[in-house]
Amino acid sequence: MVNLTKLYAVGGQITRIVHEWCLTPIDTHLKRGFDKMENAWLIPLFPLLSFLLLLLIGKRLKEASAYVGILMTLASLVFSILVLLERFSEPTYLYRFDWLTIGEMHLTAGFEVNQLNALMLFIVSLVSFLVHTYSKGYMHGDERFHVFYAYLGLFTFAMLGLVISPNILQTYIFWELVGLGSFLLIGFYYYKEEAKAAAKKAFIMTRIGDVGLLIGMILLFWQTNSFEYSEIFKAVEAGAISNTMITLTAILIFIGAIGKSGQFPLHTWLPDAMEGPTPVSALIHAATMVAAGVYLVAALFPLFLASKTALMTVAVIGGFTAIFAASIGLVQTDIKRVLAYSTVSQLGYMMLALGSAGYVAGVFHLMTHAFFKALLFLAAGSVIHAVHTQNIEEMGGLWKKLKFTAPLFLIGTLAISGVPGLSGFFSKDEILVAAWEGGHPVLFLLALIAAFMTAFYMFRLFFMVFTGENRGKQTHVHESPSTMTLPMLLLGILAVVAGYVNTPWFGSFLGDWLTDGNPVLGHGHIEGPAWIMAAATIVSLAGILLAYLIYGKRSIAPDWLSGKGDMLHTVLYNKYYIDEFYQMTVVAFVTGFSYLLRFIDVFIVEGIIKGVTGIIQGLGKLGSKMQTGQVQTYGAVAFVGLAVLVVIYALTGGYLR
Amino acid sequence: MTFSGEFFAFMALALVAIIGGVLLLNLNKVVHMVVALIFTFVSIAGIYILLSAEFVAAVQVLIYSGAITIIMLFGIMLTKPYDDSEAKTGKWRKILVFLGVVGFAFAVYLGIYHFDIQQVPTTLHEDNVLQIGKALYTKYIIPFEFVSVLLLAALIGAIILAKREDKEADKQ
Amino acid sequence: MSSVPASAFLALALILFCIGLYGALTKRNTVIVLISIELMLNAVNINLVTFSKYGLSPSIDGQIFALFAMAVAAAEAAVGLAILMALYRNKKTVHIDEMNEMKH
């Protein structure tokens, strides 16, 4: 039962905090109140406020809705930065209160600011703010402009709430909320059949994973009697849970991460999700929500560390996804789909890093990837905005026309390809080192090949879009407005410099900070042989060179890989027929099963119902037929009834016995 | 059971009464049915005599065999009974009612069969009419008066019901 | 003392009652239905008179009841027939299955 008194107390406390905060003079805030991590709970509330406001008055605001959203996310961003700075010098802040009391059991709610959470807060609110700004230009003229911003607010709220949750139950609640936000935004163009189908697909496929997460969560609660991360880790450390159970729960939770992060075999929804507006792809399906799976594994990292099998599973799935998605990305012709497969592949990288016990590497790559992939998506959006097509075969020669977008896209491409000096290079190097040192030479090799492929397909994309002759019909190509280019510029800068927070040359500041106070997470920096860095550099440069030769200089005919009719090309182009495979197996089975159920419903259940109604109707008809108005008939019926009663009475006991 | 004259008289009377009833059910013409019933009514009067109720027997002959039968015959005469239009009630109802009647008779007969009531000598047959008159004008005086009111009401009611309405009479 | 047992009279009454009942419920002609009802009343009268003679304390009351019943039956026959005449005037039929006024 909900403890009402407690609820009131909590409500009162929240009111008091808000009240005090409002009454404090501004300079005091600046000195004390503002930069306290205690106020971190305010961060998700700003986007929520934006969502509610736009829900209520968005229709009247029209395009001015953008300012509400931008301002609110800016407030979140400022707070996040303050919290992040604060967290550099102060220990983890954890606040929680009893939410539900059921007998002896206390379910708590609250928020926690540890290193990972603070970093995620920063990433999410930054990308969200930039996307809000960008969308003002991109969505200009859309009829449901304010709805878009409302949805963005809802999603940002959910995502920020997700990353400050101190327990897995709260995480799960926000986890589902981000799923909802993603569903709404993918299906934003609901009048397009593909968008509708993609939204449904995304929702259902992530839901499959969520079931795993839910079961894992319940098992954990059963074993440790708590949803708290700290309690769970304590129990794991004390050996209170059997090894089998740890492995089982870890893998079940990882299934949730697979669904959300688009890992093989639940990856097919992510490329389809590109039906949503491009800023959404940048925010949700590149930088934040899909990284939630990685975040979840990172947040529960001590649990995964306790089971070799679970770690191995994570690493293998991650490594396989990385190369698998990269190979599909080689031949796709839709600019957003190439980026989507690249996202899947990069998420696989992160999983591989985590699975190889490279906690820092995974989180580091999560951060850099958020920046350069958001940049790439926003730049791609700018290109689409300019030429009104997503097919790269209809583009080309845009370098001169998009003077601002093109160099930024190039920066993003260089970063993701792992060219030395840019952020992607450092994080990818970390992952390769982690995979090597983690004792997975095969996975290391896969990752290396995937890195080569990444460089290749990204530059294929670049060359096909920006160089050569214009193959499209668009004549009126224009650069995007400044609301769109400025966020890109900021992300471009971050894509270049973000890597320097954790490098083998200038010190591993990020790693040291992330693992500070948590020796179980591993060292801030894993020392690896120097040749790994060299190899990574060489493969990425080789990929770029090959792409240049084929698509830039055209000295090698592209037919050797993308020749139509070629079997390998066909298989890759059709994404290994995974969708078709699902269609034929799972979907066909479910459809067949539902037909069976429908059969039961129509013929058996409805048959019974029809039988019952038929009998009742028959009785009714009989009754109305008897209603002849003839006294004699009434008398006959009444008498026969009496006779039956009397005979029964006489036979069953009689009146004389 | 002794085969006394009383017993034979009862058997004969009962037989005539039942045959009359059966004929009522099976004859085709309405007048014949009513006539068949006269036999029944008269035999019932005989049964009353066997039961030491001479006055009731006399009244039975007067009222039933006389008055009611005559009224019924008049009724038949004044209406048009020989209308051979199709019956609307089916065979099924007859069968059902027959079964119901048989079942009812069976159930009641179960009660009658072992019904052994004691018999004590009575003086009912001595000055039967005197006894009835005494009881009727002393103990049952109020019901008796009520019956006279009832008969009066029935008389007036029957006249009003059976009388042709003026308008109708004008029309015809 | 009578040599005929009470149950014989009761059985006769029962048979007559059943005949009357069957006739009342199945005959088409309203006059016959009325007569059948008279027959049922007669059967009841037999019962009344039988119980006035038989039993531990025989008394004249049963016969008196029978007389009352006859008076009521006569009144009923008269009124019944009057109703029949009125109905016949309106519907030109005496068949009971064509009288369905209670339907509405």
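Cut-offs used in this document
Residues numbered from 1 in each chain as written. Chains lettered and ligands numbered in written order. Predicted model: local features only at pLDDT ≥ 70, side-chain atom pairs only at ≥ 80, totals over all residues. Heavy atoms only, no water. Helix = DSSP H or I, 4+ residues; strand = E, 2+ residues; numbered from the N terminus. Buried < 20%, exposed > 50% of the residue type's maximum accessible area, 1.4 Å probe, protein only. Contact = heavy atoms within 4.5 Å. Areas by Shrake-Rupley, 256 points an atom, 1.4 Å probe, with all protein chains shown as cover. Salt bridge = Lys/Arg side-chain N within 4 Å of Asp/Glu carboxyl O. Buried area = accessible area lost by both parts, 1.4 Å probe. Polar contact = N/O pair within 3.5 Å; in protein donor to acceptor, adjacent residues only side chain to side chain. Phe/Tyr/Trp six-rings, centres within 6.5 Å; stacked < 30°, edge-to-face > 60°. Expected span 1.5 Å × (residues − 1). Axes fitted to C-alpha atoms, helices over the stretch in contact; angles between N-to-C directions. Parallel < 35°, antiparallel > 145°, perpendicular 65-115°, else oblique. Nonpolar A, V, L, I, M, F, W, Y, C, P; charged D, E, K, R; others polar. pLDDT = per-residue confidence, 0-100. UniProt positions renumbered as here; feature names shortened; annotations may be inferred. Pairing = 2+ DSSP bridges. Core = buried A, V, L, I, M, F, W, Y, C linked by side-chain atoms within 4.5 Å. Left-handed = near helix turned anticlockwise from the far one by under 90°.

### Here's the deal with the overall build of chain B
Next up, step 1: What chain B contains, in helices and strands, is seven helices and zero strands.
Next up, step 2: Reading chain B from its N terminus to its C terminus gives the helix and strand order α-α-α-α-α-α-α.
Next up, step 3: Counting every position in chain B, which comprises 172 residues, the buried fraction comes to 35%.
Next up, step 4: In chain B, the proportion of contacts linking residues at least 24 apart, taken out of those at least 6 apart, comes to 56%.
Next up, step 5: Within the structure as shown, chain B displays about 10,700 Å² of accessible surface, and the carbon and sulfur contribution to it stands at 71%.

### Description of the overall build of chain A
Next up, step 1: Counting secondary structure elements, chain A contains 27 helices and two strands.
Next up, step 2: Taken over 657 residues, chain A has a buried fraction of 56%.
Next up, step 3: Of the contacts formed within chain A by residues at least 6 apart in sequence, a portion of 78% connects residues at least 24 apart.
Next up, step 4: In the structure as shown, chain A presents an accessible area of about 27,500 Å², 70% of it carried by carbon and sulfur atoms.

### A look at the pattern of salt bridges
Residue and element names in this part refer to chain A.
Next up, step 1: The full count for this structure, using the stated rule, is nine salt bridges over all chains.
Next up, step 2: Salt-bridge contacts for Glu 176 lead to Arg 207; the nearest nitrogen and oxygen are separated by 2.6 Å. Residue Glu 176 is located in helix α7 (residues 168–186), and its partner Arg 207 is located in helix α8 (residues 193–224); the two are separated by 31 residues in the primary sequence.
Next up, step 3: In this structure Arg 207 comes out as partly exposed when scored by relative accessible area, which is 31%.
Next up, step 4: Close ionic contact of Glu 231 with Lys 234 constitutes a salt bridge, the shortest N to O distance being 3.9 Å. Remark: Lys 234 and Glu 231 occur in helix α9 (residues 229–237); sequence separation between them is three residues, near one turn of the helix.
Next up, step 5: When its relative accessible area of 52% is taken as the criterion, Lys 234 is described as exposed.
Next up, step 6: Beyond isolated ion pairs, a larger network of salt bridges with shared partners links Glu 176, Arg 207 and Asp 210.

### Quick look at the interface of chain B and chain A
Next up, step 1: At the interface, 14 residues of chain B touch 13 residues of chain A.
Next up, step 2: Taking both partners together, chain B and chain A bury about 1,000 Å²; carbon and sulfur atoms supply 78% of that area.
Next up, step 3: Linking chain B with chain A are zero salt bridges.
Next up, step 4: The tally of links from chain B across to chain A stands at two residue pairs in polar contact (both at pLDDT 80 or more).

### Some points on the packing of aromatic side chains
Next up, step 1: Tallied over the full model, the rule gives 46 aromatic pairs over all chains.
Next up, step 2: With 6.0 Å between their ring centres and 40 degrees between their planes, Tyr 95 of chain A and Phe 111 of chain A make a pair best called tilted. Placement of Tyr 95 of chain A in strand β1 (residues 93–102) and of Phe 111 of chain A in strand β2 (residues 105–113) is noted, with a sequence separation of 16 residues between them.
Next up, step 3: Overall, Tyr 95 of chain A belongs to the partly exposed group, its relative accessible area being 23%.
Next up, step 4: Arranged with centres 6.0 Å apart and planes meeting at 75 degrees, the rings of Tyr 140 of chain B and Phe 65 of chain C form a pair that is edge-to-face. Placement of Tyr 140 of chain B in the loop between α5 (128–137) and α6 (141–162) and of Phe 65 of chain C in helix α3 (residues 61–91) is noted, with the two residues assigned to different chains.
Next up, step 5: The exposure class assigned to Phe 65 of chain C is partly exposed, which follows from its relative accessible area of 40%.

### Some points on helix α18 (residues 405–417) of chain A
All names here are of chain A.
Next up, step 1: Under the 1.5 Å per step criterion, the end-to-end length of α18 is 18 Å for 13 residues, consistent within 8% with the ideal 18 Å.
Next up, step 2: Buried residues along α18 sit against α16 (335–355), α17 (359–387), α19 (423–437), α20 (441–466), α21 (482–497) and α23 (530–552).
Next up, step 3: In the stretch just after α18, Gly 418 is the one whose phi turns positive, near 85 degrees.

### Concerning the interface of chain B and chain C
Next up, step 1: Across the boundary between the two partners, chain B contributes 86 residues, which contact 78 residues of chain C.
Next up, step 2: Roughly 7,400 Å² of surface becomes buried between chain B and chain C when both sides are summed, with 76% attributable to carbon and sulfur atoms.
Next up, step 3: Counting across the interface, chain B meets chain C through one salt bridge.
Next up, step 4: A salt bridge links Lys 139 of chain B to Asp 61 of chain C, with the shortest nitrogen-to-oxygen separation between them at 2.9 Å.
Next up, step 5: Connecting chain B to chain C are ten residue pairs in polar contact (both at pLDDT 80 or more).
Next up, step 6: Where the side of chain B that touches chain C is concerned, the elements lending two or more residues are α1 (5–26), α2 (30–50), α3 (54–78), α4 (91–113), α5 and α6 of chain B.

### So, the packing of α16 of chain A against α17 of chain A
Residue and element names in this part refer to chain A.
Next up, step 1: Packing of α16 against α17 leaves a shortest axis separation of 9 Å and a crossing angle of 175 degrees. Looking at the two axes, α16 sits roughly antiparallel to α17. Where α16 abuts α17, its residues Ile 335, Lys 336, Leu 339, Ala 340, Ser 342, Thr 343, Gln 346, Tyr 349, Met 350, Ala 353 and Leu 354 lie against Tyr 359, Ala 361, Gly 362, His 365, Leu 366, His 369, Lys 373, Leu 376, Phe 377, Ala 380 and Ile 384.
Next up, step 2: Classifying every residue of the contact of α16 with α17 by side-chain character gives 14 nonpolar, six polar and two charged.

### Looking at the confidence of the model for chain B
All names here are of chain B.
Next up, step 1: When the pLDDT values of chain B are averaged, the result is 84; 88% of them are 70 or greater.
Next up, step 2: Here helix α7 (residues 166–171) stands out as the element of chain B with the lowest mean pLDDT, 60, in contrast to α6, whose mean of 91 is the highest.
Next up, step 3: Scoring of the predicted complex yields 0.65 for pTM and 0.88 for ipTM.

### Things to note about helix α6 (residues 145–163) of chain A
Next up, step 1: If you check α6 of chain A, its first and last C-alpha atoms are 27 Å apart, about what 19 residues at 1.5 Å a residue would give, namely 27 Å.
Next up, step 2: Of all 19 residues in α6 of chain A, 19 are buried; the element is thus mostly enclosed.

### Considering the side chain of Arg 460 of chain A
Next up, step 1: In this fold, Arg 460 of chain A is placed in helix α20.
Next up, step 2: Leave out the neighbours within four places in its chain, and Arg 460 of chain A touches Gly 329, Leu 330, Val 331, Gln 332, Thr 333, Ile 392, Ala 547 and Tyr 551 of chain A.

### Things to note about the UniProt feature "transmembrane region" (unreviewed entry) in chain B
Residues and elements named next belong to chain B.
Next up, step 1: Those places that UniProt annotates as "transmembrane region" (unreviewed entry) correspond, in this numbering, to residues 6–27, 34–51, 57–76, 96–115 and 140–162.
Next up, step 2: As annotated, residues 34–51 has a helix share of 94% and a strand share of 0%, and its two end C-alpha atoms lie 26 Å apart.
Next up, step 3: Segment residues 57–76 splits into 100% helix and 0% strand. End C-alpha atoms: 26 Å apart.

### A look at the confidence of the model for chain A
Next up, step 1: For chain A, the mean per-residue pLDDT works out to 82, and 90% of the residues sit at or above 70.
Next up, step 2: Here residues 29–35 of chain A is a poorly scored stretch, pLDDT under 50, and it has twelve contacts once near neighbours within four places are set aside; other chains count.

### Structural notes on the pairing of β1 of chain A
All names here are of chain A.
Next up, step 1: Sheet analysis places β1 next to β2, joined by nine bridges and oriented antiparallel. Bridging across to β2, Leu 100 finds its partner in Leu 107.
Next up, step 2: Connecting β1 to the antiparallel partner β2 that follows it, the hairpin turn spans two residues, and Gly 103 within it adopts a positive phi of roughly 60 degrees.

### Structural notes on the side chain of Thr 224 of chain A
All names here are of chain A.
Next up, step 1: Checked against the element boundaries, Thr 224 lands in helix α8.
Next up, step 2: Within polar-contact distance, the side chain of Thr 224 engages the backbone oxygen of Ser 226 at 3.1 Å.
Next up, step 3: Contacts of Thr 224, omitting those with residues within four sequence positions, involve Ile 232, Ala 235 and Ile 241.

### Concerning the nonpolar core
Nonpolar side chains tend toward joint burial in soluble globular proteins.
All names here are of chain A.
Next up, step 1: The biggest cluster of nonpolar side chains holds 219 residues, and the ones touching the most others in it are Phe 304 and Tyr 359.
Next up, step 2: Among the elements that make up this core, the one with the highest residue count is α17 (21 residues).
Next up, step 3: With sequence-adjacent residues up to four places away left out, Tyr 359 is seen in contact with Leu 116, Ala 298, Phe 301, Leu 354, Leu 514 and Leu 521.

### Describing the environment of Thr 123 of chain B
Residue and element names in this part refer to chain B.
Next up, step 1: Within the secondary structure, Thr 123 sits in the loop between α4 and α5.
Next up, step 2: Overall, the relative accessible area of 47% leaves Thr 123 in the partly exposed class.
Next up, step 3: Here the alpha-carbon distance between Thr 123 and Ser 52, two residues 71 residues apart in the chain, equals 8.8 Å.

### Some words on the packing of helix α1 (residues 6–26) of chain C against helix α2 (residues 30–53) of chain C
Residues and elements named next belong to chain C.
Next up, step 1: The geometry of α1 relative to α2 is characterised by a closest axis approach of 8 Å and an angle of 165 degrees between their N-to-C directions. Regarding the angle of α1 to α2, the classification is roughly antiparallel. Both α1 and α2 take part in a crossing whose hand is left-handed. When α1 is examined against α2, the residues Ala 6, Phe 9, Leu 10, Leu 12, Ala 13, Leu 16, Phe 17, Ile 19, Gly 20, Leu 21, Gly 23 and Ala 24 are found in contact with a partner set consisting of Val 33, Ser 36, Ile 37, Leu 39, Met 40, Ala 43, Ile 46, Asn 47, Thr 50 and Phe 51.
Next up, step 2: A per-class count over the contact of α1 with α2 returns 17 nonpolar, five polar and no charged.

### Notes on unusual backbone geometry
Next up, step 1: Here the bond from Phe 264 of chain A into Pro 265 of chain A is cis, since omega is 5 degrees, no more than 30 degrees from zero.
Next up, step 2: Within the fold, Pro 265 of chain A resides in the loop between α10 (243–261) and α11 (269–272).
Next up, step 3: For Asn 225 of chain A, which is not a glycine, the phi torsion comes out positive at approximately 65 degrees.
Next up, step 4: Its location among the elements puts Asn 225 of chain A in the loop between α8 and α9.
Next up, step 5: Backbone geometry places Ser 52 of chain B, a non-glycine residue, at a positive phi of 60 degrees.

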